[in-house]
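Residue-level listing of the chains:
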Amino acid sequence: MRDHPHEGAAAPDSDAPSDGAGSGARPLGGAHTEIPEVWHGSATNRVQWILAAVGAGCLALGIELAVASSWTSGLTPLVMSVVGCVAAGLLVLFGTLAFVHVAVRVDADYLEVRCGHIGVPRRRIPLDLVVGADFAPQVTPRHWGGWGYRWRPEQGTAVVVRRGEGLVLTLGDGRTFTVTVDDAEAAVRCIRSRLSLRKGTPAGT
């Protein structure tokens, strides 16, 4: 999925409605398409690999300083340089590789989000706690203060790995959970179908 360059949604704020409107969410009408037993979706941002390379460079520099430098003079500054490069490299590597990719899974009971290729961090939300699902046509890092796993006290949480469409869940406490994922409209239809079955009402109402 290519990173979308256009930004069109207003940033979420404390006055935004809890149905995800702060991320540009819009309600979907009922759909007659078949709902899968388990829905899978994902999103990828290959630009993050560039930042990962920067982190790897910092880590390599720290190792090079530790191995190749003379430790006979200026020990304290050298140790600080090595530790700083290694720490910065590891931090950037984890922070980018963990959010190069996100996978979303929806079954009869849960929505599960796994970040990175090892699935960490992960969040699992029981559908019993969900009261609504909406499609957000344009979610951007600017709206949430950056990439990755984000939290805003007045709005909720989000997993943002790229610009573009996303899924917005409204939880029972009024907060929202947003995740950027391809074919988010299909995810919304699947979740609404699950919720309607639990409530005993037709999907899309």
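Located above this text is the structure these notes cover.
The notes below deal with the structure included here. (Residues numbered from 1 in each chain as written. Predicted model: local features only at pLDDT ≥ 70, side-chain atom pairs only at ≥ 80, totals over all residues. Heavy atoms only, no water.)

**Things to note about the pairing of strand E4 (residues 122-126)**
Both strand E3 (residues 110-115) and E4 contribute to a ladder of 5 bridges, which runs antiparallel. Opposite Tyr110, over in E4, you have Pro126 as the bridge partner. Hairpin remark: E3 followed by E4, antiparallel, with 6 residues in the connecting loop; positive phi at Gly116, about 70°. (Pairing = 2+ DSSP bridges. Helix = DSSP H or I, 4+ residues; strand = E, 2+ residues; numbered from the N terminus.)

**A word on the sheet that holds E3**
Strand order in the open sheet formed by 4 strands is E1-E2-E3-E4, with antiparallel pairing between adjacent strands. Sheet topology places strand E1 (39-44) and E4 at the edges, where each strand pairs with a single neighbour. On average, each strand axis in the sheet is inclined to that of its neighbour by 10°, with strand direction left out of account. Together, E1, strand E2 (101-106) and E3 form the strand contacts of helix H4 (residues 184-199), whose direction differs from that of E1 by roughly 150°. (Axes fitted to C-alpha atoms, helices over the stretch in contact; angles between N-to-C directions. Contact = heavy atoms within 4.5 Å.)

**As for H4**
With 16 residues, H4 extends 22 Å from end C-alpha to end C-alpha; this agrees with the ideal 22 Å at 1.5 Å per step. In this structure, the buried residues of H4 make contact with E1, E2, E3, strand E5 (130-139) and strand E8 (164-171). (Expected span 1.5 Å × (residues − 1).)

**Topic: the packing of aromatic side chains**
Tallied over the entire structure, the rule returns 0 aromatic pairs. The ring of Tyr110 is capped by Arg124, whose NZ or CZ atom sits 4.0 Å from the centre of that ring. (Phe/Tyr/Trp six-rings, centres within 6.5 Å; stacked < 30°, edge-to-face > 60°. Lys NZ or Arg CZ within 6 Å of the ring centre and 35° of its normal.)

**A word on the side chain of Thr157**
Among the secondary structure elements, Thr157 is positioned in strand E7 (residues 156-160). Not counting residues within four places of it along the chain, the set of residues in contact with Thr157 comprises Arg123, Trp144, Tyr149, Arg150, Trp151, Thr176, Phe177 and Thr178.

**Some remarks on the sheet that holds E5**
One open sheet holds the 5 strands; their spatial order is E5-E8-E9-E7-E6, and the pairing between them is mixed. Because the sheet does not close on itself, it has two edges, and the strands there are E5 and strand E6 (148-152). For this sheet, the mean angle separating the axes of adjacent strands, direction not counted, is 15°. Strand direction decides the pairing type here: E6 and E7, joined by 5 bridges, are antiparallel. Counterpart to Arg152 in the pairing with E7 is Gly156.

**A look at the side chain of Glu112**
Here Glu112 shows up in strand E3. For Glu112, a relative accessible area of 13% gives the class buried. A polar contact is formed between the side chain of Glu112 and the side chain of Arg122, at a distance of 3.5 Å. If we skip the residues at most four places from it in the chain, Glu112 touches Ala103, Val104, Arg105, Arg122, Arg123 and Arg124. (Buried < 20%, exposed > 50% of the residue type's maximum accessible area, 1.4 Å probe, protein only. Polar contact = N/O pair within 3.5 Å; in protein donor to acceptor, adjacent residues only side chain to side chain.)

**Some thoughts on the pattern of salt bridges**
Pairing is possible between side chains that carry opposite charge, provided their charged atoms lie close to one another. Inspection of the entire model under this criterion finds 7 salt bridges. A salt bridge links Glu112 to Arg114; the nearest nitrogen and oxygen atoms lie 3.3 Å apart. In this structure, the salt-bridge partner of Arg192 is Asp134, at a minimum N-O distance of 3.2 Å. Of this pair, Arg192 sits in helix H4 while Asp134 sits in strand E5, and the two are 58 residues apart along the sequence. By relative accessible area, Arg192 is classed as buried at 17%. (Salt bridge = Lys/Arg side-chain N within 4 Å of Asp/Glu carboxyl O.)

**Digging into the pairing of E2**
As paired strands, E1 and E2 are joined by 6 bridges and run antiparallel to one another. Residue pairing across strands places His40 opposite Arg105, the latter belonging to E2. Both E2 and E3 contribute to a ladder of 5 bridges, which runs antiparallel. If you follow Val106 over to E3, its bridge partner there is Leu111. Between the end of E2 and the start of E3, which pair antiparallel, lie 3 residues.

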